[in-house]
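One letter stands for each residue in the lines below.
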Amino acid sequence: MNWDERSLVLSRRGGTAMAGSATTGPAPAIQTTRLTKRYRRVTALSDCSVTVPQGSICALVGPNGAGKTTLLRMLCGLSRPTDGAASVLGAAPRQAPEFLAEVGFLAQEMPLYRRMSAEDHIAAGAHLNNRWDGASVRDRLRSLGIPLDRAVGTLSGGQRAQVALALVLAKQPRVLLLDEPVAALDPLARRHFLAVLTEAVAAAEGSLTVMLSSHLIADIERVCDHLVLLAASHVQLCGDTDDLLAEHKILIGPKKDTAPLEAAHTIVQATTAGRQATLLVRVDGPLIDPAYQVEDVGLEELVLGYMGAAAPAAYARPGTSELDEPAGDER
Amino acid sequence: MTWVTWRQYRLQGAIALALLAAFAAAMLTYGFQMAAAWHSLLLRCTAVGAPVNVPLGSCAGGSIVGEIPNDLRVLSVIVPVIIGVLWGAPLVAHETETGTANFAWTQGITRSRWLLVKAGWLLLAAALCGAAVSALVTFWSGPVNAMRGQQFNGVFFDTQGLVPIGYAVFATALGIAAGALLRRTLPAIAVTLGVFIGVRLLFNNAIRPHLMPAVTTLVSMTSTWSPPGIAWVFGTTVISKSGQVLAFSQNTFGANGIPITAACARLLPGPAKAIAGRSANPFGPALSCMQSAGYRQLVSYQPGWRYWPFQGIETAIYLLLAAALMAVAWYVLRRRDA
């Protein structure tokens, strides 16, 4: 685990990160209440209530089709909720220049005009935004050795992702929504991408909030301080990662009646092997059963535990649970 | 947004300008040739003192019928639909199809403004293209118009004057609306083609004749009167004194396409005599019989002077249709999920 790296990121961002979580602080960067999106037959997102404080980097995790893209698209105003409400920096997403200026969105496929160069995109951005830092894009791309004058369609996937990220950062949004930004990148490009992202967040000194969806828990562990876990179109977890990790324990012990345990705590997932049971437990108060060996939980175990609990039984069986199903259309 | 529109459409714009230049070159070359031929014919005709047979482009002094190049104007009929398909249909559809809508619609301007500026420039460009092509065809057609005198006839009316502007703007708006609704370029192109052709056919056949109520003139049965100028004649019916239309039936007989009552039909010449012909009109006695029985011919037509009013009304209708389609596109873009 890269705790040191993560704390480095946190410390670089200064103390403002936690300010948003205070109930009397500024409006949360992202707040949804019972947000629901139904398409003709499918419910893509159901009763989603999450709060993300300003200045945090929030990971949005969940299996394919969990509604991650749907949530992000509703937050940036590209689609409308069927029910419930979303609020970004205290206002509902809408078609108004003052809202659009505050929110940056990067779709999974990194949409850019293939025949246009990065320079063309910079010029387009300058015409389409009141607040626009074109120079930052040029600096960033030059430092990465990405040509500014070539059609972006001829760049590699990693370079295109960097162009797209640089462009969305040039907009200087206060809320940045990234839909699986690193899914298509090789490990090195991924590292570059996340480094640029964390630098931008650090430079913004708490005024930039990022929500990024990803399947890659190692990356999330490194850069994110908040976690929203969607599975089966519902929110399973939402909160500060440290708090979430502290709230959960792994209990290993004999297979026995768990009713006494469940009186105080919540069993998220139970797996048994022979006579031994391994329980992922959301702890509420002291754990006093000496029969169990109590261990701290890692982010991956936590995420997998919740995803497994929400998944169909056959899919969730230990050893068969996988994160990487062939990518599907999550809209 | 204007800059973005220009950047995105500069290639298409350049292609359109090149095509327009080629078309202009052809129209001007052949146009001047034809005008010269027409003038030399007029000179030849006046030299021999012969009247010019206008519809045939000939007189005793000669003919220029063979000198008219192939009807280039037909090419111009497809200009509006090409603009609609290549410019209009991809405007929204290409963005949603390739995902660039996610970029365009999360910048600092609203989707409404995005559409307004982009579609505004495109519709203006379409109107200018329509006007340019129409001006060229109108110039080219000068001698043909003078010779043929068929200003209301399909391809004559549709390719000159104001209507090509209406068609071009309508086709572009249709493409934009279809693209916004279908979100994919190819289906939008197919729908644009189909609907445009359908609307044009329907309008030409069912609506244009009624843009203004037809004028009717009552003339005697023996008259060979026809409306003055280059009118659009719908036809002649025979009505009785009480105003009833005499239709062709088992009891009537035709004479020059005019129904004759059974009573007067006995005065019709026999087939052999009719073919042989006589100095006087062989149908004369039968028609005089109809006249004295109180029947009259009712000619219905659109007078020639209505050419420009018709052009204006039809153009206005197509522009209104375009406005309605833009309203649809705007509504869809604003209300529907991107």
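Remember, it's a predicted structure, so these values are computed and weren't measured experimentally.

*Asks:* Explain the overall build of chain A here, please?
*Replies:* What chain A contains, in helices and strands, is twelve helices and 13 strands. Looking at chain A as a whole, 44% of its 331 residues are labelled buried.

*Asks:* When you look at the overall build of chain B in this model, what are you seeing that I'm missing?
*Replies:* Along the backbone of chain B there are twelve helices and eight strands. Taking all 338 residues of chain B together, 35% fall into the buried category. Looking at chain B alone, contacts between residues at least 24 apart form 76% of all its contacts between residues at least 6 apart.

*Asks:* I keep staring at the nonpolar core and nothing clicks. Help me out?
*Replies:* Note that soluble globular proteins tend to have their nonpolar side chains buried in a common cluster. In terms of nonpolar packing, the biggest core is built from 140 residues, with C58(A), V163(A), L177(A), V210(A) and A173(B) touching the most fellow members. The element that contributes the greatest number of residues to this core is helix α7 (residues 163–182) of chain B, accounting for 14 residues. Not counting chain neighbours up to four residues away, the residues in contact with V163(A) comprise L112(A), A118(A), H121(A), L141(A), I146(A), V152(A) and L155(A). M221(B), V238(B), A286(B) and L287(B) belong to the second-largest nonpolar core, a separate cluster that totals ten residues.

*Asks:* Could you clarify how one ought to interpret the interface of chain A and chain B in this entry?
*Replies:* How big an interface is tends to be reported as the loss of accessible area on association of its parts. Facing 26 residues of chain A, the contacting portion of chain B comprises 20 residues. When its residues are assigned to classes, the side of chain A that touches chain B shows 16 nonpolar, seven polar and three charged.

*Asks:* Just to check I follow, could you spell out the domain arrangement of chain A for this structure?
*Replies:* Residue and element names in this part refer to chain A. Partitioning chain A into domains gives domain 1 (3–231) and domain 2 (246–316). If you average the C-alpha positions of domain 1 and of domain 2, the two centres end up 33 Å apart. Those elements giving two or more residues to the side of domain 1 that touches domain 2 turn out to be α8 (217–223) and β8 (226–231). The biggest single contributor to the side of domain 1 that touches domain 2 is α8, with three residues. Of the residues in the side of domain 1 that touches domain 2, the class split is six nonpolar, one polar and one charged.

*Asks:* How do you make sense of the domain arrangement of chain B when you look at a structure like this?
*Replies:* Segmenting chain B into domains produces domain 1 (2–212 + 307–335) and domain 2 (215–304). Across the boundary between the two partners, domain 1 of chain B contributes six residues, which contact five residues of domain 2 of chain B.

*Asks:* Before we go on, may I ask you to explain helix α6 (residues 157–170) of chain A in this structure?
*Replies:* Side chains that are three or four residues apart share a direction in an α-helix, a result of its 3.6 residues per turn. Residue and element names in this part refer to chain A. With 14 residues, α6 extends 20 Å from end C-alpha to end C-alpha; this agrees with the ideal 20 Å at 1.5 Å per step. Summarising burial for α6: twelve of the 14 residues are buried, a large majority. Taken residue by residue, α6 has Q159, R160, A161, Q162, V163, A164, L165, A166, L167, V168, L169 and A170 as its buried positions. Downstream of α6 by one or two residues, Q172 has phi in the positive range, about 50 degrees.

*Asks:* What's the story with helix α4 (residues 118–128) of chain A in this structure? I'm lost.
*Replies:* Of the residues making up α4(A), those classed as buried are A118(A), D120(A), H121(A), I122(A), A124(A), G125(A) and L128(A). Taken together, the buried residues of α4(A) touch α5 (134–143) and α6 of chain A together with α1 (2–47) of chain B.

*Asks:* I'm lost on the pairing of β8(A) in this one. Help?
*Replies:* Side-chain direction in a regular strand flips from residue to residue, so the side chains alternate between the two faces of the sheet. All names here are of chain A. The buried count for β8 comes to six of six residues, which makes it a mostly enclosed element. Neither face of β8 is open: one carries H226, V228 and L230, the other L227, L229 and A231, and all of them are buried. In this sheet, β8 lies alongside strand β3 (residues 57–61) in parallel orientation, the contact comprising four bridges. Looking at the pairing, A59 lines up with L227 of β8. Pairing geometry for β8 and strand β9 (residues 234–240), over six bridges, is antiparallel.

*Asks:* Got a minute to help me understand the sheet that holds strand β10 (residues 248–254) of chain A in this structure?
*Replies:* Pairing between sheet strands relies on hydrogen bonds along the backbone, with the strands arranged either parallel or antiparallel. Residues and elements named next belong to chain A. With antiparallel pairing, the four strands of this open sheet are ordered in space as β11-β12-β10-β13. Strands at the two margins of the open sheet, each flanked by one partner only, are β11 (266–273) and β13 (293–296). Sheet twist, expressed as the mean angle between neighbouring strand axes with direction ignored, is 20 degrees. Here β11 pairs with strand β12 (residues 276–282) via seven bridges, running antiparallel. The residue bridging T272 from the neighbouring strand is A277, located in β12. Taken strand by strand, helix α11 (residues 299–310) contacts β10, β11 and β12, and its axis lies near 90 degrees from that of β11.

*Asks:* Help me understand the confidence of the model for chain B in this model?
*Replies:* In regions of low pLDDT, the predicted coordinates are not meant to be interpreted in detail. In this model, chain B carries an average pLDDT of 84, and 84% of its residues clear a pLDDT of 70 or more. Interface confidence in the predicted complex, given as ipTM, is 0.81; pTM for the same model is 0.84.

What counts and how
Residues numbered from 1 in each chain as written. Chains lettered and ligands numbered in written order. Predicted model: local features only at pLDDT ≥ 70, side-chain atom pairs only at ≥ 80, totals over all residues. Helix = DSSP H or I, 4+ residues; strand = E, 2+ residues; numbered from the N terminus. Buried ≥ 20, exposed ≤ 12 C-beta atoms within 10 Å, placed from the backbone. Contact = placed C-beta atoms within 7 Å. Core = buried A, V, L, I, M, F, W, Y, C linked by C-beta atoms within 7 Å. Nonpolar A, V, L, I, M, F, W, Y, C, P; charged D, E, K, R; others polar. Domains from an automatic or database assignment. Expected span 1.5 Å × (residues − 1). Pairing = 2+ DSSP bridges. Axes fitted to C-alpha atoms, helices over the stretch in contact; angles between N-to-C directions. pLDDT = per-residue confidence, 0-100.

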